[in-house]
Amino acid sequence: MDLDYSKILDDRSREYFKEAVTCSEHGCYRAAMSTLYCVCMCDIVYKLIGIGEEHGFTPASDILNEMRDTQKTNPRREAWENQLLESVVERTALLDDVTYKIILQIRDWRHLSAHPALDDENKLVTPNQEMVIGHLREIYSRLLTKSPIYVKSRDLPALISDMLLQRRVELMKDNDVFESFLEKEYNISKLSEKDVLRLFKTFWKFELSIADKVEAEHTRIINARFIAYLYQQHTELINQHFSVQTNHLKINRELWQEAHYLFSKFPAMYNFLDDIDKILINHKVHQHKNDFLAFAWYLLNGNKEEHIQRLIHDYPFLFHWYNLTPASKFRNKYKAEGLVELCDKYFISKFTTVQDFTQTGHYYYNFLQPNIGEWTLGNCELFFSIVTKNNQIYNYQNYQTICEEVAQKALTFITKEQLFSKFDFLTRILDKQ
């Protein structure tokens, strides 16, 4: 069977379930159904224990205490099993009606399989292969991979949203704390495919579709962080689902900036949009290019090399002289992905856009000098090829100093003679040292 056993939340349930699958694979279908029923009952108990002891959910603890009392006082073995199942259905949300009925069917087959029940031909009653495999898959997806938090509520998206809203202050302090909380409380990395997609669609709606809901406004940043973590844990599944055009998502026009920030981190999400919303984003980004275009590589399917080449050749310098944070984030993003040489090429190329001596100084000392230590020889040579072509740089009072600083970096790659052979104007500068 093609199942991801790691998604089964409890280690004990995982091993018991593998035993049932092994029985099925070897054609021991009576043994498979008997074992599967035991898996169901054990997993329910494990989840009740966890949600009762770790999360303080009183109904879970009450159900377990009542079960233990029945085990002591009622000699009928089935009494506590019936009571447990009925109590879980009535007082928790762990089992929906369909799952409850499936477990009852498995129990009936367990009785037939574990006892000498004979058919019309005096052979032991045996479930067929299709039935066993079907029940194994149903229990895997409906129970074993289902977070114990469902004991408290069937509406997992609303439950998580409410919890994030209540604890948003402490959860926003540190991303590791946020992710650890999600795993401990909701087992995000082990959710079933159905739950992953349902959560993604719901939180997408909270983040990018609802513009006037107070709770959404209060938690918009934390909603985005939840979407990011969910996507990181289930990237392949989510990408595959939304690659189908009929599954494409919408955004509210008022929230295009929030969408931009999310797509900048995860370019593939841009392709989750329908064509109309893609046109909207593209238009807004170019309308406000100085604030957003630098990070809009998702418009080119996340191709950062092609994106930065367009920035070099088609647009003026996109960053503000007085706010260095966006430029720093821009460079750090390229650096983290091994493209810092290309990013530095962008900053060096745009040095030619300075229009006076003040801009020359601000540009060099803010955007170039701090990174010279990481420049390649190619970037040093690019710098020397442009500084003589702009009078505001060539006549800048510190022109000689800035050339000397870059030359020192270039000389870590080649000799002075090699450098002079390419840029003879440096002879007048360096020979004065």
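Given the structure is predicted, the values throughout are model-derived calculations rather than measurements.

What follows deals with the overall build of the protein chain. Helices and strands together make up the secondary structure of the protein chain, namely 25 helices and zero strands. In terms of overall dimensions, the protein chain is more spread out than a globule: its C-alpha atoms have a radius of gyration of 32 Å, far above the 22 Å expected for 433 residues. Oriented by its inertia axes, the alpha-carbon framework of the protein chain measures out at about 105 × 50 × 40 Å. Within the protein chain, residue pairs in contact and separated by at least 24 positions form 68% of the contacts whose partners lie at least 6 positions apart. For the protein chain, the exposed area adds up to about 21,500 Å²; of that, 47% sits on carbon and sulfur atoms. Between the centroid of the 52 positive side chains of the protein chain and the centroid of its 60 negative side chains there is a distance of 2 Å.

For the structure shown, the criterion picks out 18 salt bridges. Across the salt bridge formed by Lys 18 and Glu 15, the nearest N and O atoms sit 3.8 Å from each other. Of this pair, Lys 18 and Glu 15 both sit in helix H1 (residues 11-25), separated by three residues, roughly a single helical turn. The partly exposed category is assigned to Lys 18, whose relative accessible area is 31%. We note a salt bridge from Glu 66 to Arg 91, for which the minimum N-O separation is 2.9 Å. Residue Glu 66 is located in helix H3 (residues 58-73), and its partner Arg 91 is located in helix H4 (residues 77-91); the two are separated by 25 residues in the primary sequence. In this structure Glu 66 comes out as partly exposed when scored by relative accessible area, which is 29%. Since its relative accessible area comes to 34%, Arg 91 is described here as partly exposed. What emerges from the salt-bridge pattern is a single network uniting Arg 331, Lys 335, Asp 344 and Glu 374.

Our next topic: the side chain of Glu 81. By the element assignment, Glu 81 lies in helix H4. Within the structure, Glu 81 has its side chain in polar contact with the side chain of Tyr 37 (distance 2.7 Å).

The final tally for this structure, using the stated rule, is 50 aromatic pairs. Pairing Phe 351 with Tyr 364 gives two aromatic rings, centres 6.5 Å apart and planes at 35 degrees, and the pair type is tilted. In this pair, Phe 351 sits in the loop between helix H19 (340-349) and helix H20 (357-368) while Tyr 364 sits in helix H20, placing the two residues 13 residues apart along the sequence. Accessibility classification places Phe 351 together with Tyr 364 in one group, the buried group. A cation over an aromatic ring shows up here: Arg 12 above the ring of Tyr 46, its NZ or CZ 3.7 Å from the ring centre. Taking NZ or CZ as reference, Arg 225 lies 5.6 Å from the ring centre of Phe 178, over its face.

Attention now moves to the environment of Gln 71. Secondary-structure assignment places Gln 71 in helix H3. Measuring from C-alpha to C-alpha, the distance between Gln 71 and Glu 306 comes to 69 Å, with 235 residues separating the pair along the chain.

Here we take up the nonpolar core. Counting 142 residues, the largest nonpolar core has Phe 200, Ile 281, Phe 330, Phe 347, Phe 383 and Phe 384 as its most contacted members. Among the elements that take part in this core, helix H2 (residues 29-53) stands out by supplying twelve residues, more than any other. Apart from the residues lying within four places of it in its own chain, the contact partners of Phe 200 are Ile 227, Leu 230, Tyr 231, Ile 238, Phe 242, Leu 249, Met 269 and Phe 272.

Attention now goes to helix H18 (residues 325-336). Its twelve residues place the ends of H18 16 Å apart at the C-alpha level, agreeing with the 16 Å of an ideal helix rising 1.5 Å per residue. Its buried side turned inward, H18 meets helix H17 (304-314), H19 and H20. Phi turns positive one or two residues past the end of H18, at Gly 338, with a value near 75 degrees.

Attention now goes to H3. For H3, spanning 16 residues, the distance from its first C-alpha to its last is 23 Å, which sits close to the expected 22 Å at 1.5 Å a residue. Those residues of H3 lying buried are Ala 60, Ile 63, Leu 64, Met 67 and Thr 70. Projected down its long axis, H3 shows its buried positions confined to an angular sector of 125 degrees, all on one face. With respect to the buried face of H3, the exposed residues turned more than 90 degrees away are Lys 72 and Thr 73.

Two elements in contact, helix H9 (residues 175-186) and helix H12 (residues 220-233), have axes separated by 11 Å at closest approach and are oriented at 65 degrees. Taken together, H9 and H12 sit at an angle that is classed as roughly perpendicular. Relative to H12, the crossing made by H9 is right-handed. Here Asn 175, Phe 178, Glu 179, Leu 182 and Glu 183 of H9 lie close against H12, whose contacting residues are Ile 222, Arg 225, Phe 226, Tyr 229 and Gln 232. A breakdown of the residues in the contact of H9 with H12 according to their chemical character gives five nonpolar, two polar and three charged.

What counts and how
- Residues numbered from 1 in each chain as written.
- Predicted model: local features only at pLDDT ≥ 70, side-chain atom pairs only at ≥ 80, totals over all residues.
- Heavy atoms only, no water.
- Helix = DSSP H or I, 4+ residues; strand = E, 2+ residues; numbered from the N terminus.
- Rg over C-alpha atoms; globule rule 2.2 N^0.38 Å.
- Contact = heavy atoms within 4.5 Å.
- Areas by Shrake-Rupley, 256 points an atom, 1.4 Å probe, with all protein chains shown as cover.
- Lys, Arg positive; Asp, Glu negative; His and termini not counted.
- Charge placed at Lys NZ, Arg CZ, Asp CG, Glu CD.
- Salt bridge = Lys/Arg side-chain N within 4 Å of Asp/Glu carboxyl O.
- Buried < 20%, exposed > 50% of the residue type's maximum accessible area, 1.4 Å probe, protein only.
- Polar contact = N/O pair within 3.5 Å; in protein donor to acceptor, adjacent residues only side chain to side chain.
- Phe/Tyr/Trp six-rings, centres within 6.5 Å; stacked < 30°, edge-to-face > 60°.
- Lys NZ or Arg CZ within 6 Å of the ring centre and 35° of its normal.
- Core = buried A, V, L, I, M, F, W, Y, C linked by side-chain atoms within 4.5 Å.
- Expected span 1.5 Å × (residues − 1).
- Arc of directions from axis to C-beta.
- Axes fitted to C-alpha atoms, helices over the stretch in contact; angles between N-to-C directions.
- Parallel < 35°, antiparallel > 145°, perpendicular 65-115°, else oblique.
- Left-handed = near helix turned anticlockwise from the far one by under 90°.
- Nonpolar A, V, L, I, M, F, W, Y, C, P; charged D, E, K, R; others polar.

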